[in-house]
Amino acid sequence: MDANRRNKLALATAGTAVVAVYAAWAAIHILIVNPLAAMPGHTVGEIHDTMTAAKQWSGPLRVYITLAIGPVLAIAALIITVRRSDLSVASIVSVYLALIVLGAPGYFWASFDIGMGMADTFQINGGDYSPWAAPLYALSFATLVALIAVGASDLLRRRRRQRVAGASR
């Protein structure tokens, strides 16, 4: 395997790891950290049991399924990167950046059920009580900026190549 292909594989592997860590942190935040911040003095088990008894929550499966979408897509992108040698670095980077950008709406969607369940069960606001969701949103925003920069850079590079090719005719 040549160095260029190894670098692309390393990039895709790192991207997959970042997406998986993002999803794992989102799950921990949604299911443990935020409920504890919202209901100080209660255990996570007590919070989940009270919500389940009040028929305001069906369990963590919806959170897991929603948050698994990103890592599954990242693994698919890794497999495609392994199988195809013609992918550009910009395209590989763009896929992983886009997945991290989409982590923010994924996080919001995954947390909606439990947030509403806590709101209805405990008569509180259903939003984030813990500040530890902010890094997820910040990372998604930063990757949106990076995705725009990568796209603009790739577009400029292609235009320059077209100009050079047109000038050499």
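Residues numbered from 1 in each chain as written. Predicted model: local features only at pLDDT ≥ 70, side-chain atom pairs only at ≥ 80, totals over all residues. Heavy atoms only, no water.

1. Brief notes about the overall build of the protein
- In terms of helices and strands, the protein carries 6 helices and 0 strands.
- Listing each helix as α and each strand as β along the protein from the N terminus yields α-α-α-α-α-α.
- A compact globule built from 169 residues should have a C-alpha radius of gyration of about 15 Å, whereas the protein, at 21 Å, is more than 25% larger.
- Projecting the C-alpha coordinates of the protein onto the three principal axes gives extents of approximately 75 × 30 × 20 Å.
- A separation threshold of at least 6 residues defines the contact pool for the protein, and within that pool the share at least 24 residues apart is 83%.
- With the model as given, the accessible surface of the protein reaches about 10,000 Å², and the carbon-plus-sulfur share is 68%. (Helix = DSSP H or I, 4+ residues; strand = E, 2+ residues; numbered from the N terminus. Rg over C-alpha atoms; globule rule 2.2 N^0.38 Å. Contact = heavy atoms within 4.5 Å. Areas by Shrake-Rupley, 256 points an atom, 1.4 Å probe, with all protein chains shown as cover.)

2. Re the packing of aromatic side chains
- Taken as a whole, this structure holds 2 aromatic pairs when the rule is applied.
- Note on Tyr107 and Tyr137: the rings are 5.5 Å apart at their centroids and 90° apart in plane angle, and the pair reads as edge-to-face. Taken as a pair, Tyr107 in helix H5 (residues 103–122) and Tyr137 in helix H6 (residues 134–167) lie far apart in primary sequence, 30 residues in all.
- Residue classification places Tyr107 among the buried residues on the basis of a relative accessible area of 1%. (Phe/Tyr/Trp six-rings, centres within 6.5 Å; stacked < 30°, edge-to-face > 60°. Buried < 20%, exposed > 50% of the residue type's maximum accessible area, 1.4 Å probe, protein only.)

3. Digging into the nonpolar core
- The biggest cluster of nonpolar side chains holds 31 residues, and the ones touching the most others in it are Ile30, Met51, Leu67, Tyr96, Ile114 and Met118.
- It is helix H1 (residues 3–38) that contributes the most residues to this core, 9 residues altogether.
- Once residues lying within four places of it in the same chain are set aside, the contact partners of Ile114 are Ile30, Leu31, Pro35, His48, Met51 and Trp57. (Core = buried A, V, L, I, M, F, W, Y, C linked by side-chain atoms within 4.5 Å.)

4. Brief notes about the side chain of Thr81
- When you line up the elements, Thr81 lands in helix H3 (residues 61–83).
- Beyond its immediate chain neighbours, meaning those up to four positions away, Thr81 contacts Arg5, Lys8, Leu9, Ala12, Leu87 and Ile92.

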